[in-house]
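Topology and contacts: notes
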Amino acid sequence: MNNLILALFLLLNITAFAQKPCEIDNDIKDSLGTYKSTKQYIIFERSFAGNSTDIFFSLSNDNGILGLEIQILQRSQDFIKAICFDAGSKIYLQLNNGKIVTLLYAGKDTCGNLLRDENNSNNRITTGNFVFSKENFEELKTSPVTFMRIKYAGETIDYPYRTAFVSELDKKVYEPEGYFMNFLKCVDN
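Description of the structure in this document.

What counts, and where the lines are drawn
Residues numbered from 1 in each chain as written. Predicted model: local features only at pLDDT ≥ 70, side-chain atom pairs only at ≥ 80, totals over all residues. Heavy atoms only, no water. Buried < 20%, exposed > 50% of the residue type's maximum accessible area, 1.4 Å probe, protein only. Helix = DSSP H or I, 4+ residues; strand = E, 2+ residues; numbered from the N terminus. Arc of directions from axis to C-beta. Polar contact = N/O pair within 3.5 Å; in protein donor to acceptor, adjacent residues only side chain to side chain. Contact = heavy atoms within 4.5 Å. Salt bridge = Lys/Arg side-chain N within 4 Å of Asp/Glu carboxyl O. Disulfide = S-S within 2.5 Å.

Before going further, it helps to spend a moment on helix α2 (residues 179–187). Where α2 is concerned, the buried positions are Tyr-179, Phe-180, Phe-183, Leu-184, Cys-186 and Val-187. For α2, the arc enclosing every buried residue in end-on projection is 145°, short of the 170-degree limit, so these residues lie on one face.

Below, the structure is given as structure tokens:
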């Protein structure tokens, strides 16, 4: 009997500590309403032949509207072609259960900013805000994402998800497949 109680106690502790903590970046409540957002999280990282692309996600709740801010950082010694968001831009997330969740772009047309650093390298930062519809974001709480497709203004690019990777930027472990399962709870309240 004591072993059963001990096993139950250990199981409850393991599940309680296994959940990802919410890392909130902004939590604002004022006369205009409420706004809450999570810290940025690296979802995708690719580095090949001197060119690199990093994609960061941040979830938000703006007066009850759930959103996703995406920031794409591209670095290269060569010129970086612009990728633009416009009214027709979308993010498609393919889930492990076979369903597809679509997020709609909710910002102004943008092609980001091209900056040169001290090493004379090109850096392009493109940021966009997307919104969930009420009927589709619930699936993200229960099924991992395996694939992402972004429809930009002039092209569509596919980004396969990895279960986990160690980032070249900060040497931390990121688990993009479970991002929504772990962090939607932080802003969905």
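Further notes follow.
The subject of this paragraph is the side chain of Ser-143. Here Ser-143 is to be found in the loop between β9 (122–131) and β10 (145–151). You can call Ser-143 buried: its relative accessible area is 5%. A polar contact is formed between the side chain of Ser-143 and the backbone nitrogen of Asn-97, at a distance of 3.2 Å. When sequence neighbours within four positions are dropped, the list of residues in contact with Ser-143 reads Leu-95, Asn-96, Asn-97 and Met-181.

Quick look at the pattern of salt bridges now. Evaluation of the coordinates by the stated rule reveals six salt bridges. Here the salt bridges share partners, and the residues they tie into one network are Glu-138, Lys-141 and Asp-188.

With that settled, consider the state of the cysteines. Taken as a whole and judged by the stated rule, the model has two disulfides. At a sulfur-sulfur separation of 2.1 Å, the disulfide partner of Cys-22 is Cys-186. With the S-S dihedral at roughly -90°, the linkage between Cys-22 and Cys-186 falls on the left-handed side. Taken together, the positions of Cys-22 in the loop between α1 (2–18) and β1 (24–30) and Cys-186 in helix α2 put the pair 164 residues apart, joining distant regions of the chain.

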